[in-house]
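# Notes for the structure review
Now for the letters of each chain:
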Amino acid sequence: MLNNYSPEAWGWKGVFYPLWQSACREDARNYIPGRIIGTEFHQYDVVIPHYIDEHTSSAASSLAGIHEHVRVSGSFIYRTLDSAGYPVTGDWVLLDPEEDALRIHRILDRQTCLSRGAAGEKTEEQVLVANIDTLLLVFALDGGRNFLRTFLERALVVARSADCGVCIVLNKADLADEAARENALSIAVSTAPASPVVLVSAKTCEGIETLKQFFSPGETLGVLGKSGVGKSALIRALGASPVWQTENMVPDEQLKFAVEPQEGEVREQDRKGRHTTTSSRLYRLDSGLLMIDSPGIRELKLWGDQDDLNTSFRDIAELALQCHFSDCTHSSEPGCAVQGALAEGTLDEGRYRSYLQLQREQAWLDRRLDDQAQRAEKARWKQIAKFQKTLQKNRR
Ligand SMILES: Nc1nc2c(ncn2[C@@H]2O[C@H](COP(=O)(O)OP(=O)(O)OP(=O)(O)O)[C@@H](O)[C@H]2O)c(=O)[nH]1
Ligand SMILES: [Zn+2]
């Protein structure tokens, strides 16, 4: 079992080491890495593991533990132009142990990054969580709209863009009869043939042991699913004991890390009197598994590229390569392999419609980003022209 404060116990990986060292050299500071375990209004809860290294001072070693309400430094704000550049739960950040109050100076390059298009008018990236190894796509078989093939297809594209592994969890199996279970399983398996699909019940713990077998200690799992599908319940079911225990922590801190839902800053009661998760938080389970609980999502706008979409719909992308015309729109052209497969019934009509819908959304996103880039470029040239004019004036 990994030591509670060893870097690996918190998901540290070898790839971060050279990034850390070069940041120290560049900024001439003896940074120490920490991982974001929770965020709230530009304040971050950070866990600093115990690094045994010739570069870390004794001051740094004594910081091992959890630090709450840490902020980013002034130069971080100055350098960071968009909200996607701010820390999210799961990020590894660099702090300077020689400062009186710990501040975040840098984020180490995200190895995986789960993003969606932000809500609202602006075309902007919203990073949900970072550095997860596997994303659990959680659905509920409660007979409602909590398991839809279209949502699974969309979530698979988003996970593809995140560059992490995927596991599909069909929760609330206790509420589904045999036919409903088989139907859901067959849809999930045919939609995501490359990913494990597990039927579970967070309530009765059916399937939980099977699910556990896919993961190992020190691995970071994220959850993505609608509100109420049982993401928090699943995390509780996966944790052997409800309380995150360690000898090094005072009782107050132990309480804060209870995996049982609590009222307060992390969880609050929603209007129906139900617990709901309001911000992403990383938990370390007794098994050594790291799990990030996240709020339920209503909307999942794409934030990736055409390749992610084509990889997720490889069957259709491969068919399209066989069309007679290379610029085939797959509507009425002769020799269209896509239309052929639809007619033969080897390509599901619903799946094809999902693909077209996501294609349109992706094309719209590409255009918007292109426009934004062009506008930024124009503004930059305007600035340069202005600067040159001033120079010429001064020379005269
Ligand atoms: N019958 C049954 N109920 C479950 C199961 N898992 C969760 N629930 C119930 O479903 C409700 C929602 O569960 P949560 O774990 O809060 O759902 P969530 O996905 O975390 O919801 P948000 O935090 O709002 O995103 C609770 O009342 C749970 O007790 C299950 O496997 N079977
Ligand atoms: Zn075609």
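Data block above holds the structure.
The sections below set out a description of the structure shown in this document. (Residues numbered from 1 in each chain as written. Chains lettered and ligands numbered in written order. Predicted model: local features only at pLDDT ≥ 70, side-chain atom pairs only at ≥ 80, totals over all residues. Heavy atoms only, no water.)

Once that is clear, we can look at the packing of aromatic side chains. A full pass over the atoms with the stated rule returns 12 aromatic pairs. Geometrically, the ring pair formed by F139 and F147 is edge-to-face, given 5.3 Å between the ring centres and 85° between the ring planes. Each member of the pair F139 and F147 is classed as buried. Through a chain of ring-to-ring contacts, the aromatic side chains of W12, F16, Y17, W20, Y51 and W92 assemble into a single cluster. Lying over the aromatic face of F151, K226 brings its terminal NZ or CZ to 5.2 Å of the ring centre. The ring of W381 is capped by R380, whose NZ or CZ atom sits 5.6 Å from the centre of that ring. (Phe/Tyr/Trp six-rings, centres within 6.5 Å; stacked < 30°, edge-to-face > 60°. Buried < 20%, exposed > 50% of the residue type's maximum accessible area, 1.4 Å probe, protein only. Lys NZ or Arg CZ within 6 Å of the ring centre and 35° of its normal.)

A few words on a negative patch on the surface. The grouping of D305, D307, D366, D370 and D371 at the surface amounts to a negative patch. By residue number, the principal contributor to the negative patch is helix α12 (residues 349–395), which donates 3 residues. Residue position: D305 is located in the loop between β15 (290–293) and α9 (306–312). According to the relative accessible area criterion, D305 is partly exposed, its value standing at 37%. (Patch = residues over 30% accessible without salt bridge, like charges linked within 9 Å, V, L, I, M, F, W, Y side chains within 5 Å. Areas by Shrake-Rupley, 256 points an atom, 1.4 Å probe, with all protein chains shown as cover. Salt bridge = Lys/Arg side-chain N within 4 Å of Asp/Glu carboxyl O. Lys, Arg positive; Asp, Glu negative; His and termini not counted. Charge placed at Lys NZ, Arg CZ, Asp CG, Glu CD. Helix = DSSP H or I, 4+ residues; strand = E, 2+ residues; numbered from the N terminus.)

A turn of α-helix holds 3.6 residues, and therefore any two residues three or four places apart point the same way. Taking 1.5 Å per residue as the helical rise, helix α4 (residues 149–162) with its 14 residues ought to reach 20 Å, and the 20 Å between its terminal C-alpha atoms agrees with that figure. Burial analysis of α4 places 10 of its 14 residues in the buried class, which makes it a mostly covered element. Immediately beyond the C-terminal end of α4, within one or two residues, lies D163, with a positive phi of roughly 75°. (Expected span 1.5 Å × (residues − 1).)

Contact pair α4 / α12: the axes reach a minimum separation of 10 Å and the direction vectors enclose 45°. By the criterion of interaxial angle, the relationship of α4 to α12 is oblique. Crossing of α4 over α12 shows right-handed handedness. Only G350, R351, S354, L358 and E361 of α12 make contact with α4, whose side of the interface consists of R149, T150, E153, R154 and V157. By residue class, the composition of the contact of α4 with α12 is 2 nonpolar, 3 polar and 5 charged. (Axes fitted to C-alpha atoms, helices over the stretch in contact; angles between N-to-C directions. Parallel < 35°, antiparallel > 145°, perpendicular 65-115°, else oblique. Left-handed = near helix turned anticlockwise from the far one by under 90°. Contact = heavy atoms within 4.5 Å. Nonpolar A, V, L, I, M, F, W, Y, C, P; charged D, E, K, R; others polar.)

Time to look at the packing of α4 against helix α5 (residues 178–191). Between α4 and α5, the shortest axis-to-axis distance is 10 Å and the interhelical angle comes to 30°. Of the possible angle classes, the one that applies to α4 and α5 is roughly parallel. α4 and α5 meet at a crossing whose hand is right-handed. Contacts between α4 and α5 involve R149, L152, E153 and L156 on the former and, on the latter, I187, A188 and T191. Looking at the contact of α4 with α5, its residues break down into 4 nonpolar, 1 polar and 2 charged.

At the metal site, the zinc ion (ligand 2) is ligated by C323 (SG), C328 (SG), H330 (ND1) and C336 (SG), and these contacts range over 2.1 to 2.4 Å. One can describe the site at the zinc ion (ligand 2) as tetrahedral: its 4 donor atoms subtend angles covering 99 to 117° at the metal. In primary-sequence terms, the residues that donate to the zinc ion (ligand 2) follow C-x4-C-x1-H-x5-C. Take C328: its relative accessible area is 11%, and that puts it in the buried class. (Donors = N, O, S within 2.8 Å, 3.2 Å for Na, K, Ca; no water. Tetrahedral: all angles 85-135°; square planar, octahedral: opposite > 155°, others 65-115°.)

Moving on, we come to the nonpolar core. Counting residues in hydrophobic clusters, the biggest one holds 79 residues, and the most contacted among them are I104 and L137. Here the element with the most residues in this core is α4; it accounts for 8 residues. Apart from residues lying up to four places away in sequence, I104 is in contact with I36, Y44, V46, V70, R71, V72, S73, F76, P87, V93, L94 and L95. V223, V229, L234 and M291 belong to the second largest nonpolar core, which has 22 residues in total. (Core = buried A, V, L, I, M, F, W, Y, C linked by side-chain atoms within 4.5 Å.)

A separate point is the site of ligand 1. Around ligand 1, the surrounding shell holds 21 residues, and the nearest of these are D174, S227, K231, T276 and T277. A distance of 2.9 Å separates an oxygen atom of ligand 1 from a polar atom in the backbone of A202. In this structure, A233 approaches ligand 1 through a main-chain N or O atom, which is 2.8 Å from an oxygen atom. Contact with the protein chains removes 82% of the 660 Å² of surface that ligand 1 exposes when unbound. Listing elements by their share of the shell around ligand 1, those giving two or more residues are α7 (231–238) and β13 (275–277). (Near = heavy atom within 4 Å. Polar contact = N/O pair within 3.5 Å; in protein donor to acceptor, adjacent residues only side chain to side chain.)

Bringing the environment of A180 into the picture now. In this structure, A180 sits in helix α5. The exposure class assigned to A180 is partly exposed, which follows from its relative accessible area of 35%. In this structure, the C-alpha to C-alpha distance between A180 and G143, residues 37 residues apart in sequence, is 8.3 Å.

Bear in mind that shape data such as this cannot, by itself, settle questions of function.
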